[in-house]
Amino acid sequence: MNYRHAFHAGNHADVFKHLTLTRLIALMSRKEQPFAYLDTHAGIGLYDLQGDQANRTGEYLEGIARLWGESDLPPLTADYMRVLHEMNPDGELRYYPGSPELARRLTRPQDRVLLNEMHPEDGLLLKDNMKGDRRVKVHLGEGWHVPRALLPVPEKRALMLIDPPFEKLDEMQRCAASLKEAVSRMRQTVAAIWYPVKDQRLLRRFYQDLAGTGAPKLLRVELLVHPLDTPNTLTGSGLAIANPPWGLEEELRELLPWLSKKLGQTQGGWQMDWLIAE
């Protein structure tokens, strides 16, 4: 349990992941029927980019800082940037929302937000950051148990983010196992798995495991900031999205070319295809 997301808050992977999350929430909100948002490895929810941990790495400078202050942002970034501006009303980029805060701010009164964080200190910080919103429930258990513990939900619609720290070699396998359990318990769950694009050998096995989960459909989306063959570095990140709502694929085809240009470091790029076609 050494991983602390504050070191990486607001980096290129966060921007890609969180921007996509805001679009998932927006598309699911088109229907009046409520849904539950589930976050298996939630972190603390709010981050200070001028704090010691974020400043030590400065990763946000190659991420959200590249979008901050821009006037020509695509309309599909509006929800994401609105939350950021609400959190930084003086115009200085300092505070960054994790996925729990984005979900809390962008879901509706009829929706619920179910968060889980196992790290003892981060779990308490998450509870403190989320206090005051009766729609939010914070659990302090093992993230891999969330599908079994919380699905199916009474709302009959669920959006789940699986975003582990990837400190251990078996975490990609556990992501696939969690997705398999989620769709077996509630087949219509919209589940997004974030993963690092780094070790191509591990990724090939991961893609095979994902294809075997039995999800009704599964979209693979990756944003690259370096060429795939760049050694010993995080070349980008991906999202495997089960049951993506109608319209998401088209939105990402519009967003990803722009995002890859904005966030590319030595060389930006993107790719998207279906691991499981409907």
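Since the model is a prediction, treat every value here as computed from it, not as a measurement. (Residues numbered from 1 in each chain as written. Predicted model: local features only at pLDDT ≥ 70, side-chain atom pairs only at ≥ 80, totals over all residues. Heavy atoms only, no water.)

**With respect to the overall build of the protein chain**
Applied cut-off: Note on conventions: DSSP H or I runs of at least 4 residues are helices, E runs of at least 2 residues are strands, and numbering of each starts at the N terminus. C-alpha atoms define the radius of gyration in this analysis, and the globule rule sets the expected value at 2.2 Å times the number of residues to the power 0.38. What makes two residues a contact is simply this: any of their non-hydrogen atoms within 4.5 Å. Residue burial considers only the protein chains on display, and all accessible areas are found by Shrake-Rupley using a 1.4 Å probe. Positive charges come from Lys and Arg alone, negative charges from Asp and Glu alone, with His and the N- and C-terminal ends not counted. To locate a charge, take NZ of a lysine, CZ of an arginine, CG of an aspartate or CD of a glutamate.
When its secondary structure is counted, the protein chain shows nine helices and ten strands. A compact globule built from 278 residues would reach a C-alpha radius of gyration of about 19 Å, and the protein chain, at 17 Å, matches this within 12%. The principal-axis extents of the C-alpha atoms in the protein chain amount to approximately 45 × 40 × 35 Å. Taking contacts inside the protein chain between residues at least 6 apart in sequence as the whole, the part at least 24 apart equals 76%. Counting only carbon and sulfur atoms, one obtains 50% of the accessible surface of the protein chain, whose full area is about 12400 Å². When the 35 basic and 37 acidic side-chain charges of the protein chain are each reduced to a single mean position, those positions are 6 Å apart.

**A closer look at the UniProt feature "active site" (unreviewed entry) in the protein chain**
What counts is decided by this rule: UniProt positions are given in the numbering used here, feature names are shortened, and annotations may be inferred rather than shown by experiment. Nitrogen and oxygen atoms within 3.5 Å of one another constitute a polar contact, given that in protein one can donate a hydrogen and the other can accept it, and given that sequence-neighbouring residues count only through two side-chain atoms.
Sequence positions flagged by UniProt for "active site" (unreviewed entry) are, in local numbering, Asp 163. Inspection of the secondary structure assignment puts Asp 163 in the loop between β6 (158-162) and α7 (171-185). Other than its neighbours up to four places away in sequence, Asp 163 contacts Lys 17, Thr 40, His 41 and Trp 194. At a separation of 2.7 Å, a polar atom in the side chain of Asp 163 contacts the side chain of Lys 17.

**Section: the UniProt feature "binding site: S-adenosyl-L-methionine" (unreviewed entry) in the protein chain**
Put simply, the rule reads: Burial here depends on accessible area, computed with a 1.4 Å probe over protein chains only, as a share of the maximum for the residue type. Under 20% is buried, over 50% is exposed, and the range in between is partly exposed.
Within the UniProt annotation, "binding site: S-adenosyl-L-methionine" (unreviewed entry) is assigned to His 18, His 41, Ser 99, Glu 117, Glu 142, Gly 143 and Asp 163. Among residues more than four places away in sequence, those in contact with Ser 99 are His 18, Leu 21, Tyr 37, Asp 39, Ala 42 and Leu 161. When its relative accessible area of 13% is taken as the criterion, Asp 163 is described as buried.

**A closer look at the packing of helix α1 (residues 12-28) against helix α9 (residues 248-263)**
For the record, the criterion: The convention used is that axes are lines fitted to C-alpha atoms, helices contributing only their stretch in contact, and that angles between N-to-C directions extend from 0 to 180 degrees. Note that the term roughly parallel is reserved for angles under 35 degrees, roughly antiparallel for angles over 145, roughly perpendicular for angles of 65 to 115, and oblique for everything else. Here is the rule for handedness: rotate from the far helix to the near one, and if that takes an anticlockwise turn smaller than a right angle the crossing is left-handed, while a clockwise turn gives right-handed. Each residue gets one label: Ala, Val, Leu, Ile, Met, Phe, Trp, Tyr, Cys and Pro are nonpolar, Asp, Glu, Lys and Arg are charged, and the others, such as Gly, are polar.
In contact at an axis separation of 11 Å, α1 and α9 are set at 160° when each is read in the N-to-C sense. One finds that α1 runs roughly antiparallel with respect to α9. Both α1 and α9 take part in a crossing whose hand is right-handed. Within the contact between the two elements, α1 uses His 12, Val 15, Phe 16, Leu 19, Thr 20, Arg 23, Leu 24 and Leu 27 and α9 uses Leu 248, Glu 251, Leu 252, Leu 255, Leu 256, Leu 259 and Leu 263. Residues that form the contact of α1 with α9 fall into these classes: eleven nonpolar, two polar and two charged.

**Structural notes on the pattern of salt bridges**
To be explicit about the condition: The salt bridge definition used is simple: a Lys or Arg side-chain nitrogen within 4 Å of an Asp or Glu carboxyl oxygen.
Within the structure shown, the criterion is met by 22 salt bridges. Asp 128 serves as the salt-bridge partner of Lys 131, at 3.0 Å between the closest nitrogen and oxygen. Assessed through its relative accessible area of 42%, Asp 128 is described here as partly exposed. Across the salt bridge formed by Arg 135 and Asp 133, the nearest N and O atoms sit 3.2 Å from each other. Exposure class is identical for Arg 135 and Asp 133. Each is buried. Taken together, the salt bridges that share partners define one network made up of Arg 23, Asp 79, Arg 82, Glu 86, Glu 101, Arg 104, Arg 105, Asp 133, Arg 135 and Glu 251.

**Re the packing of aromatic side chains**
Our working definition: When the centres of two rings from Phe, Tyr and Trp lie within 6.5 Å, Trp using its six-membered ring, the rings pair. Their planes under 30 degrees apart give stacked, over 60 give edge-to-face, and anything left gives tilted.
Per the counting criterion, the structure on display carries four aromatic pairs. Centroid distance Tyr 195 to Phe 206: 5.2 Å. Interplanar angle 70°. Geometry classified as edge-to-face. Of this pair, Tyr 195 sits in strand β7 (residues 190-197) while Phe 206 is found in helix α8 (residues 200-211), placing the two residues eleven residues apart along the sequence.

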